[in-house]
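Architecture at a glance
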Amino acid sequence: MKILVCVKRVLDPQVKARVKADESGVDLANAKMTMNPFCENALEEALRLREAGVVEEIIVASVGGGKTEETLRHGLAMGADRAIQVVTEDALEPLGIAKVLKQIAEQEGVGMVIAGKQAIDDDSNQTAQMLSALLGWSQATYCSEIKIEGDMATVTREVDAGLETIQVKMPAVMSADLRLNEPRYVKLPDVMKAKRKPMDKIELDSLGLDTANRLTTLKVEEPEGRAAGVIVNSVSELVEKLRNEAKVI
Amino acid sequence: MENRVMGNLVIVEHDNNEVGAATLHAVTAAQQIGGDIDLLVAGENCSAVADAAAKIAGVSSVKLADDAKFGHHLAENLASLIVDVAAGYTHVLASATTFGKNVMPRAAALLDKAQISEIVEVKSPDTFVRPIYAGNALATVQSSDDIKMITVRTIKFEPAATEGGSASVEAISGGTDAGLSSWVSQAVSNNDQVDLTSAKIVVSGGRGMQNGDNFSMLHSVAAKLGAAVGASRAAVDSGFVPNELQVGQTGKVIAPDLYIAVGISGAIQHLAGMKESKVIVAINNDSEAPIFQVADYGLVADLFEAVPELDAAL
Ligand SMILES: Cc1cc2nc3c(=O)[nH]c(=O)nc-3n(C[C@H](O)[C@H](O)[C@H](O)COP(=O)(O)OP(=O)(O)OC[C@H]3O[C@@H](n4cnc5c(N)ncnc54)[C@H](O)[C@@H]3O)c2cc1C
Ligand SMILES: Cc1cc2nc3c(=O)[nH]c(=O)nc-3n(C[C@H](O)[C@H](O)[C@H](O)COP(=O)(O)OP(=O)(O)OC[C@H]3O[C@@H](n4cnc5c(N)ncnc54)[C@H](O)[C@@H]3O)c2cc1C
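Calculation rules
- Residues numbered from 1 in each chain as written.
- Chains lettered and ligands numbered in written order.
- Predicted model: local features only at pLDDT ≥ 70, side-chain atom pairs only at ≥ 80, totals over all residues.
- Heavy atoms only, no water.
- Salt bridge = Lys/Arg side-chain N within 4 Å of Asp/Glu carboxyl O.
- Helix = DSSP H or I, 4+ residues; strand = E, 2+ residues; numbered from the N terminus.
- Buried < 20%, exposed > 50% of the residue type's maximum accessible area, 1.4 Å probe, protein only.
- Domains from an automatic or database assignment.
- Contact = heavy atoms within 4.5 Å.
- Buried area = accessible area lost by both parts, 1.4 Å probe.
- Polar contact = N/O pair within 3.5 Å; in protein donor to acceptor, adjacent residues only side chain to side chain.
- Near = heavy atom within 4 Å.
- Nonpolar A, V, L, I, M, F, W, Y, C, P; charged D, E, K, R; others polar.
- Pairing = 2+ DSSP bridges.
- Axes fitted to C-alpha atoms, helices over the stretch in contact; angles between N-to-C directions.
- Arc of directions from axis to C-beta.
- Parallel < 35°, antiparallel > 145°, perpendicular 65-115°, else oblique.
- Left-handed = near helix turned anticlockwise from the far one by under 90°.

1. Comments concerning the pattern of salt bridges
Counted by the stated rule, this structure contains 37 salt bridges over all chains. Arginine 184 of chain A is paired through a salt bridge with glutamate 51 of chain A; the nearest N and O atoms lie 2.9 Å apart. Separated by 133 residues along the polypeptide, arginine 184 of chain A in the loop between strand 10 (172–176) and helix 5 (188–194) and glutamate 51 of chain A in helix 1 (residues 37–51) bring together distant segments of the chain. Using a relative accessible area of 53% as the deciding quantity, one classes glutamate 51 of chain A as exposed. A salt bridge links aspartate 237 of chain B to arginine 179 of chain A; the nearest nitrogen and oxygen atoms lie 2.8 Å apart.

Shown next as structure tokens:
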């Protein structure tokens, strides 16, 4: 089986986002960017499925312009077999991205798609579900365990109430939660090897899809900060303040 | 598109017995949008849910799809029903819980509509505010879709009253059994405790707790305060507590009256889940820990001394 892993380039999770002075968005100029952590979990799972003999070929794909190639090279260094960049400088919404990924999944004839459960920049948590809908495939989101046996998969999902286990028919679209696995570190020889792996570039326009955005961002602001608090010197002072000042206990 | 009469459809989250608390917040968001509010209850043997939903203040009608194929809210089946019902509405809303987040984007894509995720404010019927970058920025977005598919971040909308309404209940059919997935089991580890998302007080532990057994200290404090217990991702990853206790960008987003963070450093991703709490207390032995920057009351102390002392003082 071939598997498609969807990856996104995002602001490094350790970096605090700064809003631009003109409120048009978040300032990403010169910011440290990485592969979305959830996408690393998705790719790691694909690598393990290949090691287990369930998957033969791993394709990493990303929709984006600029330095998206760097993120895909990182995916190749982790161990993906080849990469596809759908090139656009437009900021597509998840629906548009899902339409693009659907086309890639069908062209490549993959038997499974795995994405991250959410991108840590836009926090939309939509793309995998939308892609699953457009493909008409089964859907398994927020996976913390995936077992594939023949044309069925048993998946444990992290839900608000705890852990839910479902069975889905293959082909399926799944989305990875952080506890699915521990992504491997990339070693220098792997980085060198990744440079020689195939990287296809497809212009978004050449796909002939309607990926027009439905939302217009009117402004992006910084939230109100919290006023600085006080340091108390003892547990008894804390309890006194919670009772008599804050009146919350 | 302009001729549509404004109407909201709210997808009810439930366990086939009771209306989930999160839905009440989504109803309030619908009230702020304006127009009629209809509720969709889809499940199996769930007429009690529909009857309770009909009493929610401000609701016009409840559509009840009672069918085995909706019993476990499998995304494929439920989304197909939402698609069938959504056509008559300008706004379809669900709470931004794992229930809403799972099914709504699927329905949106089938309808060829965008989804506006986790709104925290309604500016107008087509303009909404939503947090991005773990809540470090707030985006105001305007939608051009004729049906607006929305998930609602519960902490920013008061719950609608559970009494006062007298909506009609109408049984409907629709949706298909896609036969793509089936439910196997659900593991719930601590159903005897206070619900984390609606608790007035939350006591959370982090990596500083060192192990799962030490969480009994927090449970003891929580019991005295009528509080729920939460955790950082590090505490969940380390296996101290189950995943449903995780607070943060990728866990639960909560805003209790009082949040007590014990042995939690205050990473951006954790703050994303609790910084809207009314009062924040931090107990940490590192005075430089970032959690102190958002804490109303900080106590620089060894938690293994401070927490038993706190327990005794309550
Ligand atoms: C140049 C540029 C400018 C942008 N400006 C803005 C802006 O001003 N405002 C704004 O709101 N957004 C902006 N975006 C972000 C863009 O709109 C989001 O990528 C899109 O909305 C997807 O949302 P998400 O990443 O939160 O999706 P989610 O649904 O949270 O993503 C989940 C998963 O889907 C997959 N996925 C998501 N995106 C891609 C992708 N591009 N390629 C492959 N797989 C993917 C990944 O596996 C990811 O883990 C910009 C993006 C670019 C490239
Ligand atoms: C994509 C992504 C998503 C994430 N999502 C989340 C999320 O949803 N929720 C979340 O919480 N995190 C999340 N994280 C992880 C986050 O970045 C932090 O790693 C995590 O919150 C740290 O947990 P912690 O504060 O318990 O541990 P640490 O950062 O290790 O802090 C432990 C603290 O305990 C204190 N301490 C130790 N011993 C004692 C003692 N005896 N007495 C008092 N204090 C003591 C230390 O001083 C320290 O400040 C995410 C990370 C990523 C990359």
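There is more to say after this.
2. Observations concerning the domain arrangement of chain B
All names here are of chain B. Each assigned domain of chain B is listed with its residue range as follows: domain 1 (7–171) and domain 2 (201–313). The distance between the C-alpha centroids of domain 1 and domain 2 comes to 31 Å. At the junction of the two partners, domain 1 supplies six residues and domain 2 supplies eight residues. Of the roughly 620 Å² buried between domain 1 and domain 2 on both sides combined, carbon and sulfur atoms contribute 55%. Joining domain 1 to domain 2, the criterion identifies one salt bridge. Among the salt bridges present, the one from glutamate 276 reaches lysine 156, with a minimum N-O distance of 2.7 Å. The interface formed by domain 1 and domain 2 holds two residue pairs in polar contact (both at pLDDT 80 or more) in total.

3. Comments concerning the site of ligand 2
Every one of the 30 residues lining ligand 2 counts as a neighbour, but Arg207, Ser232, Ser265, Gln269 and Asn284 of chain B are closest to it. With respect to ligand 2, its neighbouring residues span chains A and B. Taking arginine 207 of chain B, its side chain carries an N or O atom lying 2.6 Å from an oxygen atom of ligand 2. Within the side chain of aspartate 302 of chain B, one N or O atom sits 3.0 Å away from a nitrogen atom of ligand 2. Classifying every residue of the shell around ligand 2 by side-chain character gives twelve nonpolar, 14 polar and four charged.

4. Here's the deal with the interface of chain B and chain A
With 80 residues of chain B in contact, the opposing surface of chain A contributes 75 residues. Our enumeration of links across chain B and chain A arrives at five salt bridges. A salt bridge links aspartate 145 of chain B to arginine 214 of chain A; the shortest N-O distance between them is 2.9 Å. At the junction of chain B with chain A, the criterion picks out 50 residue pairs in polar contact (both at pLDDT 80 or more). Grouping the constituent residues of the side of chain B that touches chain A by class yields 39 nonpolar, 24 polar and 17 charged. Where strand 9 (residues 162–169) of chain A meets strand 11 (residues 181–187) of chain B, six bridges bridge the pair, whose relative direction is antiparallel.

5. Observations regarding the sheet that holds strand 13 (residues 230–232) of chain A
One open sheet accounts for six strands, arranged 13(A)-16(B)-15(B)-14(B)-12(B)-13(B); its pairing is parallel. Looking at the sheet topology across the chains shown, the edges are occupied by strand 13 of chain A together with strand 13 (228–231) of chain B. Averaged over all pairs of adjacent strands, the angle between strand axes in this sheet comes to 25 degrees, irrespective of strand direction. By the bridge criterion, three bridges tie strand 13 of chain A to strand 16 (residues 297–300) of chain B in an arrangement that is parallel. Looking at the pairing, valine 232 of chain A lines up with leucine 299 of chain B of strand 16 of chain B.

6. Some details on helix 8 (residues 303–313) of chain B
The periodicity of an α-helix, 3.6 residues per turn, causes residues three or four positions apart to be oriented the same way. Those residues of helix 8 of chain B that sit buried are Leu303, Ala306, Val307, Leu310 and Asp311 of chain B. Buried residues along helix 8 of chain B cover an arc of 135 degrees about the axis, so they all sit on one side. Within helix 8 of chain B, the exposed residues directed more than 90 degrees away from the buried face are Glu305 and Ala312 of chain B. Against the buried residues of helix 8 of chain B lie helix 6 (235–244) of chain A together with helix 5 (215–225), strand 14 (258–262), strand 15 (279–284) and strand 16 of chain B. A distance of 2.9 Å separates the backbone nitrogen of phenylalanine 304 of chain B from a side-chain oxygen at the start of helix 8 of chain B, and that oxygen is part of aspartate 302 of chain B.

7. So, the packing of helix 3 (residues 75–86) of chain B against helix 4 (residues 98–110) of chain B
Residue and element names in this part refer to chain B. One can describe the packing of helix 3 onto helix 4 by two numbers: an axis separation of 8 Å at closest approach and a directional angle of 55 degrees. It follows from the interaxial angle that helix 3 and helix 4 lie oblique. For the pair helix 3 and helix 4, the sense of crossing is right-handed. The residues of helix 4 that touch helix 3, namely those facing Ala75, Glu76, Leu78, Ala79, Ile82 and Val83, are Phe99, Asn102, Val103, Arg106, Ala107 and Leu110. Each residue belonging to the contact of helix 3 with helix 4 can be placed in one class, and the counts come to nine nonpolar, one polar and two charged.

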